Amino acid sequence: MNLIKILILLLNFSCFTDVLSRISNGPYVVEIGKNYNNVKSISMSTIGKKISYIPLETKPECVIQKIYKVELSDAYIFIQDFNRILVFDRVGKFVRQIGASGRGPAEQTYLSSFCIDPLKNEVFIVSPNPKLDVFSFNGGFISSTKLDFRPSQIMLNDQNSLIYQLWDEPRKDNPGWVITDKKGKSLAKINRVQKRTSSPGVVVIMVPFYKYNEKVNFMEYANDTLFSLEKSKKAVYAKFQFGKYKMDPDPHSTPSYKNDSINYGNKLWAETIIENEQFIFISMKIGLTHYFRNAVYNKKTNETIFLTENVFRNDINWSTGFWPKLITKDGVLVDYIDSFDLIKGLTPPQLKGKITETSNPVLILLNK
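Residues numbered from 1 in each chain as written. Predicted model: local features only at pLDDT ≥ 70, side-chain atom pairs only at ≥ 80, totals over all residues. Heavy atoms only, no water.

Quick look at the overall build of the chain
Here is the rule: Runs of E in the DSSP output that reach at least two residues are strands. Runs of H or I that reach at least four are helices, and both are numbered from the N terminus. Our radius of gyration is a C-alpha quantity, and the globule rule it is checked against amounts to 2.2 Å times the number of residues to the power 0.38. Burial classification: accessible surface area is computed with a 1.4 Å probe over protein chains only, and a residue below 20% of its type maximum counts as buried, one above 50% as exposed, and the rest as partly exposed. Contact definition: two residues touch when any of their heavy atoms are within 4.5 Å. Computed with a 1.4 Å probe, the accessible areas rest on the Shrake-Rupley method; for each residue, only the protein chains presented here act as cover. Asp and Glu are treated as the negative residues and Lys and Arg as the positive ones, with His and the ends of the chain left uncounted. Positions of charges follow a simple convention, taking NZ of Lys, CZ of Arg, CG of Asp or CD of Glu.
Of regular secondary structure, the chain possesses 3 helices and 28 strands. Taking 368 residues into account, the globule formula puts the C-alpha radius of gyration at 21 Å, and the chain, at 21 Å, falls close to it. Considered along the principal axes of its C-alpha atoms, the chain spans approximately 65 × 55 × 50 Å. Within the chain, buried positions represent 52% of all 368 residues. For the chain, the proportion of contacts with a sequence separation of at least 24, taken over those separated by at least 6, is 50%. Carbon and sulfur atoms form 54% of the exposed surface of the chain, whose accessible area is close to 18100 Å². The average position of the 48 basic charges and that of the 36 acidic charges among the side chains of the chain differ by 2 Å.

Below, the structure written as structure tokens:
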């Protein structure tokens, strides 16, 4: 048997034992509490080798106040600003705006979220009104549907349906997630486990809600369990053990931001999660503040590490640090940063002369 065949057999055996280990061990166990002080500087080269930048063109008609969400297709970059979707090509040149500000069909006063169907070239936009608007990639209006629930996030469930994460409001027995067809007709509802009754309570808008291996994963506010959706049924995917740092899932809010910060000052809850074949990237809010801590769970070693300064240290070109906010279908890790913050440090050579302090944000792409 030649060397190549031996290597192939070893690789297949390694993959097989990984699968067996995963089945025998059950859900992943992410030890947050025990690793609260396990803070390390991790190099960017640990998660990728090739870095590239896409400066988003800055024109009066496409000045970005804040990036709320990014989606990428083969040809376009879709950016969610406060009340509009801006489309750029893959080198960052502004192409068009989708939708318009207003209260009529094809208009939005405020956006909750959006998603794209890259196969059918469709954009789905949800507003807290609540409604679902559908556009083509070229900006053409397709349809608008009034929804009977208040969506916070949306993604493509499969080629025929959409799934939404709903606002989590105390004293309201609403489902946590709803599946509809692409016209907004309800197909299934998924209830939350915990009931929230505090008055005054906290309205939670963002919780972990992402796709991995074509399955939707989601997590309730301040809960320990990350679920995976299998044929409209919840299956346990990972258990998070926060220990004494676990956030109260039904906190009381007060008029005093200071008191809330003190009461829950060392508590953590997962706000966003994304995942690739080796790592689960977890961004956690600290109590009821706007502060956060980022940690990474290594699925192969079962190690949980909190990152120094909440980013991977840039050891590739020694510019700004990196925290992935999106993972594309082909495995590219995507971050974005304000131009002002980028040029305060070591500006990458390919961006010199292309951005100023007032330029639109820059996308950072990290490949293997």
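Some points on the sheet that holds strand β11 (residues 122-127)
Rules: When DSSP finds two or more bridges between two strands, those strands count as paired. Interaxial angle, 0 to 180 degrees, is taken between N-to-C directions of lines fitted to C-alpha atoms, where a helix line uses only the stretch in contact.
With antiparallel pairing, the 4 strands of this open sheet are ordered in space as β10-β11-β12-β13. Each edge of the open sheet is held by one strand with a lone partner, namely β10 (113-117) and β13 (141-146). In this sheet, adjacent strand axes meet at a mean angle of 15° when their direction is disregarded. In this structure, strand β12 (residues 131-136) lies alongside β13, joined through 5 bridges in antiparallel fashion. Paired with Asp133 across the bridge in β13 is Ser144.

Description of a nonpolar patch on the surface
This is how the line gets drawn: Surface patches are defined over residues having more than 30% relative accessible area and no salt bridge, joining like charges when they lie within 9 Å and nonpolar side chains (Val, Leu, Ile, Met, Phe, Trp, Tyr) when within 5 Å. One speaks of a salt bridge when a side-chain nitrogen belonging to Lys or Arg is within 4 Å of a carboxyl oxygen belonging to Asp or Glu.
Taken together, the side chains of Tyr68, Phe82 and Tyr110 make up a nonpolar region of the molecular surface, amounting to roughly 260 Å² of accessible area. Checked against the element boundaries, Phe82 lands in the loop between β5 (76-80) and β6 (85-89). Overall, Phe82 belongs to the partly exposed group, its relative accessible area being 35%.

Details of the environment of Val63
Take Val63: it is sitting in the loop between β3 (50-55) and β4 (69-72). Here Val63 falls in the partly exposed class, since its relative accessible area comes to 39%. As a C-alpha pair, Val63 and Pro361 span 298 residues in sequence and 9.4 Å in three-dimensional space.

Quick notes on empty space enclosed by the protein
Heads up, the rule is: Grid points spaced at 1 Å over the protein atoms alone were grouped into cavities, where a 1.4 Å probe fits but cannot get out, and pockets, open sets with protein on both sides within 12 Å along at least five of seven lines, with lining residues defined by an atom within 4 Å of a point. Grid points are joined across faces, edges and corners, and a volume is the space filled by probe spheres set on the points. Classification convention: Asp, Glu, Lys, Arg as charged; Ala, Val, Leu, Ile, Met, Phe, Trp, Tyr, Cys, Pro as nonpolar; all other residues, Gly among them, as polar.
All told, the structure shown has 1 cavity of 30 Å³ or more when counted by the stated rule. Computed from the structure, the largest cavity encloses a volume of approximately 40 Å³. Taken together, Gln165, Leu166, Asp168, Gly176, Trp177, Arg192, Val207, Met219, Glu220 and Tyr221 make up the full set of residues lining the largest cavity. Across the lining of the largest cavity, the residue classes tally to 5 nonpolar, 2 polar and 3 charged.

Structural notes on the side chain of Asn83
Spelled out, the test is: As used in this structure description, the phrase polar contact means that two N or O atoms lie within 3.5 Å; if the pair is within protein, one of them must be able to donate a hydrogen and the other to accept it, and residues adjacent in sequence are counted only when both atoms belong to side chains.
Structurally, Asn83 can be placed in the loop between β5 and β6. The exposure class of Asn83 is buried, given its relative accessible area of 18%. For Asn83, the side chain forms a polar contact with the side chain of Ser101, separated by 3.5 Å. Once residues within four sequence positions are removed from consideration, Asn83 is found in contact with Ser101, Gln108, Thr109, Tyr110 and Leu111.

So, the sheet that holds strand β27 (residues 333-337)
Judged by pairing direction, the sheet is antiparallel, and its 4 strands sit side by side in the order β3-β28-β27-β26 without closing on themselves. With partners counted over all chains shown, the strands left at the sheet margins are β3 and β26 (326-327), one partner each.

Here we look at the confidence of the model for the chain
For the record, the criterion: The quantity called pLDDT is the predictor's confidence in a given residue, expressed from 0 to 100.
Across the chain, pLDDT averages 91, with 92% of residues at or above 70. Counting contacts from residues 3-11, a segment whose pLDDT is below 50, to residues more than four positions away or on other chains yields 2 contacts. Taken together, the stretch residues 13-24 has pLDDT below 50 and engages in 3 contacts with residues farther than four places along the chain or on a different chain.

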